[in-house]
Amino acid sequence: MIRVEGLGKTFAGGFEALCDIDLEIRRGEIFALLGPNGAGKTTLISVICGLVNPSRGRVLVDGYDNVRQFREARARIGLVPQELTNDAFIKVWDSVRFSRGLFGKPPDPAHIEKVLRSLSLWEKRNNRMITLSGGMKRRVLIAKALAHEPEILFLDEPTAGVDVALRRDMWEVVRQLRNSGVTIILTTHYIEEAEEMADRIGVIRSGELVLVEDKQALMQKLGRKELTIHLRDPLHAVPQRLSGHGLTLTEEGHALVYTYDAEAGEDDGTGIAELLADLEGPASPSRTCTLARAPWRRSSSAW
Amino acid sequence: MNLESVKTLYLAEMARSLRTVLQSIVSPVLSTSLYFVVFGAAIGSRISEVDGVSYGAFIVPGLIMLMLLTQSVSNASFGIFFPRFSGTIYEVLSAPISYWEVVVGYVGAAASKSLILGVIALITARLFVPYSIEHPLMMVLFLLLTAVTFSLLGFIIGIWAEGFERLQLVPLLVITPLTFLGGTFYSIDMLPPFWQAVTLANPVVYLVSGFRWSFYGISDVSPLVSLAMILLFLGAAIALVAWIFRTGYRLKS
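A.B. asks: For this particular structure, what's the right way to read the overall build of chain A?
C.D. replies: Scanning chain A from N- to C-terminus turns up 9 helices and 14 strands. Looking at chain A residue by residue over its 303 residues, the buried ones come to 49%. In chain A, the share of contacts with a sequence separation of at least 24, taken over all contacts with a separation of at least 6, comes to 68%. Carbon and sulfur atoms provide 48% of the accessible area of chain A, an area that totals close to 14300 Å².

A.B. asks: Quick question: what am I supposed to make of the sheet that holds strand β2 (residues 16–25) of chain A here?
C.D. replies: Within a sheet, each strand pairs with its neighbour through backbone hydrogen bonds, oriented either parallel or antiparallel. Residues and elements named next belong to chain A. Judged by pairing direction, the sheet is antiparallel, and its 4 strands sit side by side in the order β2-β1-β4-β5 without closing on themselves. Strands at the two margins of the open sheet, each flanked by one partner only, are β2 and β5 (64–65). As judged from the 6 bridges shared by strand β1 (residues 2–10) and β2, these two strands associate in the antiparallel manner. If you follow Ile2 over to β2, its bridge partner there is Ile25. Helix α1 (residues 41–49) rests against β1, β2 and β4 (56–61) of the sheet, and its axis sits at about 65° to β2.

A.B. asks: I tried to follow the pattern of salt bridges on my own but got confused; where do I start?
C.D. replies: Between side chains of opposite charge, pairing is possible as soon as their charged atoms come close. All names here are of chain A. Using the criterion set out here, one finds 26 salt bridges over all chains in the structure. For Glu29, the salt bridge goes to Arg200, with nearest N and O atoms at 2.8 Å. Placement of the pair is Glu29 in the loop between β2 and β3 (30–34) and Arg200 in strand β9 (residues 200–205), with a sequence separation of 171 residues. Across this residue pair, the class does not change: Glu29 and Arg200 are buried.

A.B. asks: How should the nonpolar core be read in this particular structure?
C.D. replies: For soluble globular proteins, nonpolar side chains are generally found buried alongside one another. Judged by nonpolar contacts, the single largest core of 147 residues is most densely connected at Phe154 of chain A together with Val60 and Phe155 of chain B. In terms of residues, this core owes the most to one element, helix α3 (residues 55–86) of chain B, which gives 14 residues. Apart from residues no more than four positions distant in its own chain, Val60 of chain B is found in contact with Phe36, Leu122, Ala125, Val129, Tyr131, Phe215 and Tyr216 of chain B. Counting residues in each nonpolar core, the second largest holds 10 residues, with Leu227, Ile229, Leu231 and Leu247 of chain A among its members.

A.B. asks: Looking at this model, I keep getting lost on the pairing of strand β7 (residues 152–156) of chain A. Mind explaining?
C.D. replies: Two faces make up the sheet, and in a regular strand the side chains alternate between them. Residue and element names in this part refer to chain A. The buried fraction of β7 is high, at 5 of 5 residues. Neither face of β7 is exposed, since Ile152, Phe154 and Asp156 on one face and Leu153 and Leu155 on the opposite face are all buried. Here 4 bridges tie strand β6 (residues 77–80) to β7, and the two strands are oriented parallel to one another. Within the sheet, the bridge partner assigned to Ile77 lies in β7 and is Ile152. As defined by bridge partners, β7 adjoins strand β8 (residues 183–188) across 5 bridges and the pair is classed as parallel. Among the inter-strand pairings, Asp156 is bridged to a residue of β8, identified as Thr187.

A.B. asks: For this particular structure, what's the right way to read the interface of chain A and chain B?
C.D. replies: By a frequent convention, interface size equals the accessible area lost on bringing the separate parts together. The partner chain B presents 23 residues to the 30 residues of chain A that form the contact. A buried area of about 2300 Å², summed over both sides, lies between chain A and chain B, and 58% of it is on carbon and sulfur atoms. There are 2 salt bridges connecting chain A and chain B. Measuring nitrogen to oxygen at the nearest pair gives 3.1 Å for the salt bridge that ties Glu91 of chain B to Lys144 of chain A. Counting across the chain A and chain B interface gives 9 residue pairs in polar contact (both at pLDDT 80 or more). When contributions to the side of chain A that touches chain B are tallied by element, the ones reaching two or more residues are α2 (70–75), α3 (92–102) and α5 (134–146) of chain A. Tallied by class, residues from the side of chain A that touches chain B come to 16 nonpolar, 7 polar and 7 charged.

A.B. asks: Just checking my understanding: could you explain the confidence of the model for chain A for this structure?
C.D. replies: Where the model shows low pLDDT, its predicted coordinates should not be examined in detail. Residues and elements named next belong to chain A. Here chain A averages 84 in pLDDT, while 89% of its residues score no lower than 70. Confidence, read as mean pLDDT per element, is least for strand β14 (residues 287–292) in chain A (50) and greatest for α3 (96). Note on residues 291–303: pLDDT under 50 across the span, and 34 contacts to partners over four residues away in sequence or across chains.

What counts and what doesn't
Residue positions are given per chain, counting from 1 as you read along its sequence in written order. Chains carry letters from A onward and ligands carry numbers from 1 onward, assigned in written order. Selection of residues for local features in this predicted model requires a pLDDT of at least 70, selection of side-chain atom pairs for listing and counting requires 80 or more, and totals for whole chains, interfaces and linings are taken over all residues. The basis for every side-chain value is the complete set of non-hydrogen atoms in the structure, without hydrogens or water. Helix and strand assignments come from DSSP, with helices taken as H or I runs of at least 4 residues and strands as E runs of at least 2, each series counted from the N terminus. The buried label goes to any residue with under 20% of its type's maximum accessible area, the exposed label to any with over 50%, and the partly exposed label to all in between, with areas taken from a 1.4 Å probe on protein chains only. Any two residues whose heavy atoms approach within 4.5 Å are treated as being in contact. Each accessible area value is a Shrake-Rupley result obtained with a 1.4 Å probe; residue values ignore everything except the protein chains displayed when judging cover. Two strands make a pair as long as DSSP finds a minimum of two bridges between them. For helices, the axis comes from a line fit to the C-alpha atoms of the stretch in contact; other axes are also lines fit to C-alpha atoms, and the angle between any two N-to-C directions lies between 0 and 180 degrees. Note on definitions: salt bridges are taken to be side-chain nitrogens of Lys or Arg within 4 Å of carboxyl oxygens of Asp or Glu. Nonpolar cores were defined as sets of buried Ala, Val, Leu, Ile, Met, Phe, Trp, Tyr and Cys residues, with membership established by side-chain atoms within 4.5 Å. Using a 1.4 Å probe, buried area is obtained as the accessible area two parts lose upon being combined, added over both of them. As used in this structure description, the phrase polar contact means that two N or O atoms lie within 3.5 Å; if the pair is within protein, one of them must be able to donate a hydrogen and the other to accept it, and residues adjacent in sequence are counted only when both atoms belong to side chains. In this count, Pro and Cys sit with the nonpolar residues alongside Ala, Val, Leu, Ile, Met, Phe, Trp and Tyr, while Asp, Glu, Lys and Arg are called charged and the others, Gly among them, polar. What pLDDT conveys is the predictor's confidence in a given residue, as a value from 0 to 100.

Structure (structure tokens):
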């Protein structure tokens with residue numbers, strides 16, 4: 001649905017916000033772009049949506065180049081920005097109707113009513129934006145993005161600054177949209193959010209897309225830890241009696257690395273107890289152990 | 001052309017004026033009426049005719065031009081500055097609409113509002129002083145070209161401005177002084193020769209003179225020169241807008 005090829009963005013001051021990004025978003029999936037503040041998430045979706053000029057590379061939206069064939073490309077995209085930007089004095093209904101017209105679609109009150117009802121905004125349709133709560137304003141931004149019936153929806157940190165209940169509501173709205181066939185790309189700091197929502201996850205850091213994985217595969221990786229056993233005397237191969245533990249010999253024979261599932265818990269078999277028991281056997285190699293940081297460690301906090 | 005998008009932008013801008021009807025319509029009409037009362041009826045009654053036209057009638061074209069210029073600039077500059085200021089410009093920039101369609105929407109609405117105000121001011125002036133229009137088609141042409149040209153200038157100012165102070169800077173410090181010194185209240189023949197030469201460097205002189213010619217057939221400079229100057233300003237404004245969009249100046253990083 002979206003293909004990003006060799007995309008780079010260097011701002012006027014020389015700051016390189018995006019570095020040769022290659023990415024393919026599949027039709028109908030929820031793709032989460034995960035990364036810390038300043039990683040380049042918003043810049044990436046801004047380039048795709050036409051808000052920022054790329055320095056190099058290109059973006060194809062459903063086969064259309066988003067610069068040379070911007071009309072076809074942009075008509076397929078709806079964008080919900082991170083900031084709660086709105087005209088404070090306009091009414092909800094007028095604001096959503098404006099968005100539909102701006103994208104070249106003829107007026108369709110029935111569609112706007114459907115969108116407003118699906119986001120629990122129908123009762124607020126005659127309210128001015130200034131009178132709405134932050135959560136309601138974010139819903140209006142989603143309604144505006146959906147007003148022209150886009151095939152692709154970008155949600156830039158949709159749950160930033162919203163309470164837990166509203167976050168759950170947002171997730172439900174996103175699921176409903178996906179079920180209706182909309183391709184969704186969301187950015188987030190929260191691994192939990194990506195885990196809850198996404199089919200695939202891309203991790204971006206310092207402008208580089210460091211990995212793109214199916215959610216299940218990534219979550220398995222996130223749940224894995226490594227135990228490194230440093231050896232006083234180097235080994236040429238993993239001893240026969242330890243072969244059942246899946247150990248890897250590293251550091252030119254000075255370390256054995258044991259990978260285990262941290263989620264498995266202590267009682268039901270991280271396998272560490274068995275490994276240690278086997279290590280205590282006759283002619284065991286002299287050792288010290290280090291519990292290494294996992295390559296992608298789950299955390300309940302934000303990045 | 002994406003007509004639906006242009007229409008939407010145009011109508012949204014016009015609706016904004018209706019939401020602020022006091023500021024948008026009543027205020028400029030009131031201030032122009034005050035000019036007619038003070039300069040036309042009160043002071044004008046003690047001033048003899050200028051080029052065979054009563055002073056009250058003489059200043060009508062200049063006052064309408066004064067309002068047209070200031071309103072075109074302020075309407076267009078605020079129209080594009082406000083979405084930049086509030087952040088809602090993202091929606092316009094991400095829509096399937098070309099830059100020139102954006103210009104037609106915003107500048108078209110600003111020019112329309114100025115023209116409406118110009119017509120209201122003409123009707124209001126009739127309440128204070130009698131006047132005639134010798135060349136009505138040329139009057140409409142001058143009105144239209146000036147409204148579009150200065151709305152384009154306002155659009156440029158709205159993109160250039162980084163805050164409300166800059167937004168007011170050009171209208172207050174450039175447009176208003178040039179209009180007052182551009183023959184709104186006098187014929188440049190009334191000035192000493194040196195100041196006549198200096199005044200000819202003021203672009204507003206050509207606008208007021210051409211517009212006044214369409215009313216009474218009298219002008220400080222040839223109406224063809226006035227028309228050529230307006231077209232020159234229009235071309236310059238279009239070239240500047242084209243440069244802004246080509247470079248993304250203040251709109252896209």
